[in-house]
Amino acid sequence: MAHTYPPLNVEVRTPRLTLAGASDELLERLVPLVRAGVANAEPWPFDDPISFYADSPEREWQWLRGIWAGRARVSPDSWRLYFAVLVDGEPVGMQDLIGTNFTRFGTVSSFSWLTPGSRGQGLGKEMRAAILQLAFAGLGAREAGSDAFVDNEASNRVSRGLGYEPNGTDWDTRRGEPARIQQWRLTRDAWERVRRDDIELTGVEECLPVLGIG
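Residues numbered from 1 in each chain as written. Predicted model: local features only at pLDDT ≥ 70, side-chain atom pairs only at ≥ 80, totals over all residues. Heavy atoms only, no water.

Chemist: Any chance you could explain the pattern of salt bridges here in plain terms?
Modeler: Pairing between side chains of opposite charge can happen when their charged atoms approach one another. A full pass over the atoms with the stated rule returns 15 salt bridges. A salt bridge links Arg 174 to Asp 151; the shortest N-O distance between them is 2.7 Å. Here Arg 174 is found in strand 7 (residues 165-174), whereas its partner Asp 151 is found in the loop between strand 6 (143-149) and helix 5 (153-161), with 23 residues between them in sequence. Given the relative accessible area of 35%, Asp 151 is considered partly exposed. (Salt bridge = Lys/Arg side-chain N within 4 Å of Asp/Glu carboxyl O. Helix = DSSP H or I, 4+ residues; strand = E, 2+ residues; numbered from the N terminus. Buried < 20%, exposed > 50% of the residue type's maximum accessible area, 1.4 Å probe, protein only.)

Okay, here's the thing in structure tokens:
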């Protein structure tokens, strides 16, 4: 289905999964996963505030409102693209790409989650590789950042495996408790060294004017 709003038509396909623009139809298919619980065990992976720590049904309501609001706040200085992660056509999580002052600095960051039953299979790294392909090859990014709590080994392992370099530490809270954050940085040159040739982008050209890229 082609959508009037170009970001919803963007897709990134790898041999293992597809990132599809998070239309309301796809969000509804993700609701049961959010309702079942994405953050279900310590160490808690997400910083505050986030809906995943709320009780159902407030969890689902906050999650949907956050995505709807994020889709509506778009300018050349601030945007966020939301993607459903599909494996064999079934949604298993989300992968976001965030641009802040992109037209000036060309920097992006990312955020993602997977349903607990889909973790430990290499999908997190595949999702990140896919969104980096969109950022660098599709949008012309110069640098990508990422961060994770120091005890979130899964996320930090993905960053290391894709060529990110440590970029200092910071502090944040999760469920109200302070914890240290590891920051990561991936330059375009470093990405080029591990760039894959089996990731396909579609719908990107039509999306560029929406983001003020041109």
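Chemist: I'm lost on the packing of helix 1 (residues 24-36) against helix 2 (residues 58-72) in this one. Help?
Modeler: When two helices pack together, their arrangement is given by the angle between the helix axes and by the axis-to-axis distance. Running from N to C, helix 1 and helix 2 cross one another at 145°; their axes reach a closest spacing of 9 Å. For the element pair helix 1 and helix 2, the recorded crossing hand is right-handed. Residue-level inspection shows Asp 24, Leu 27, Leu 30, Val 31, Val 34, Arg 35 and Ala 36 of helix 1 in contact with helix 2, the latter providing Arg 59, Glu 60, Trp 63, Leu 64, Ile 67, Trp 68 and Arg 71. Split into classes, the residues belonging to the contact of helix 1 with helix 2 amount to nine nonpolar, no polar and five charged. (Axes fitted to C-alpha atoms, helices over the stretch in contact; angles between N-to-C directions. Left-handed = near helix turned anticlockwise from the far one by under 90°. Contact = heavy atoms within 4.5 Å. Nonpolar A, V, L, I, M, F, W, Y, C, P; charged D, E, K, R; others polar.)

Chemist: I tried to follow helix 1 on my own but got confused; where do I start?
Modeler: Since one α-helical turn is 3.6 residues long, residues separated by three or four positions face the same way. Compared with an ideal rise of 1.5 Å per residue, which puts 13 residues at 18 Å, helix 1 spans 19 Å between its outermost C-alpha atoms and is within 8% of the ideal. At Leu 30, helix 1 shows its largest kink, close to 35°, and the proline Pro 32 lies no more than four residues downstream. Within helix 1, burial applies to Leu 26, Leu 27, Leu 30, Val 31, Leu 33 and Val 34. Summarising the contacts, the buried residues of helix 1 are in contact with strand 2 (18-21), helix 2, strand 3 (78-87), strand 4 (90-100) and strand 5 (107-114). Just beyond helix 1, the residue with positive phi is Gly 37, at close to 110°. (Expected span 1.5 Å × (residues − 1). Bend = angle between axes of the 7 residues up to and from the residue.)

Chemist: Before we go on, may I ask you to explain unusual backbone geometry in this structure?
Modeler: Most peptide bonds take the trans configuration, and most residues that are not glycine carry a negative phi. Each neighbour pair has its own omega, and for Glu 42 with Pro 43 the value is 0°, a cis peptide bond. Looking at where Pro 43 falls in the secondary structure, it is placed in the loop between helix 1 and helix 2. Each neighbour pair has its own omega, and for Asp 48 with Pro 49 the value is -15°, a cis peptide bond. Mapped onto the secondary structure, Pro 49 falls in the loop between helix 1 and helix 2. Although it is not a glycine, Asn 101 sits at a positive phi angle of roughly 55°. Within the secondary structure, Asn 101 is located in the loop between strand 4 and helix 3 (102-105). In this structure, Arg 175 takes a positive phi of about 50° despite not being glycine. Here Arg 175 shows up in the loop between strand 7 and strand 8 (177-187).

Chemist: Just to check I follow, could you spell out the side chain of Glu 60 for this structure?
Modeler: Position of Glu 60 among the secondary structure elements: in helix 2. Here Glu 60 falls in the buried class, since its relative accessible area comes to 4%. When neighbours within four sequence positions are excluded, Glu 60 is seen to be in contact with Val 31, Val 34 and Arg 35.

Chemist: Explanation requested: the UniProt feature "domain: N-acetyltransferase" (unreviewed entry) in the protein in the structure shown.
Modeler: Under the present numbering, the feature "domain: N-acetyltransferase" (unreviewed entry) in UniProt falls on residues 39-197. As annotated, residues 39-197 comprises 32% helix and 36% strand, and the C-alpha atoms at either end are separated by 33 Å. (UniProt positions renumbered as here; feature names shortened; annotations may be inferred.)

Chemist: What exactly am I supposed to notice about the sheet that holds strand 7 here?
Modeler: Two pairing modes exist for strands in a sheet, parallel and antiparallel, and in both the strands are linked by backbone hydrogen bonds. Read from one edge of the open sheet, nine strands run 7-8-6-5-4-3-2-1-9, paired in mixed fashion. Each edge of the open sheet is held by one strand with a lone partner, namely strand 7 and strand 9 (200-202). Geometrically, the sheet is characterised by an average inter-axis angle of 25° between neighbouring strands, direction not taken into account. Direction of pairing for strand 5 relative to strand 6: parallel, over a ladder of three bridges. Within strand 6, the position partnered with Thr 107 by the bridge is Glu 143. (Pairing = 2+ DSSP bridges.)

Chemist: What exactly am I supposed to notice about the environment of Gly 106 here?
Modeler: Among the secondary structure elements, Gly 106 is positioned in the loop between helix 3 and strand 5. A relative accessible area of 2% places Gly 106 in the buried class. Taking the C-alpha atoms as reference points, Gly 106 and Gly 89, 17 residues apart in sequence, are found 32 Å from one another. Once you skip the residues sitting within four places of it in the chain, Gly 106 turns out to touch Asn 101, Ala 141, Arg 142 and Glu 143.

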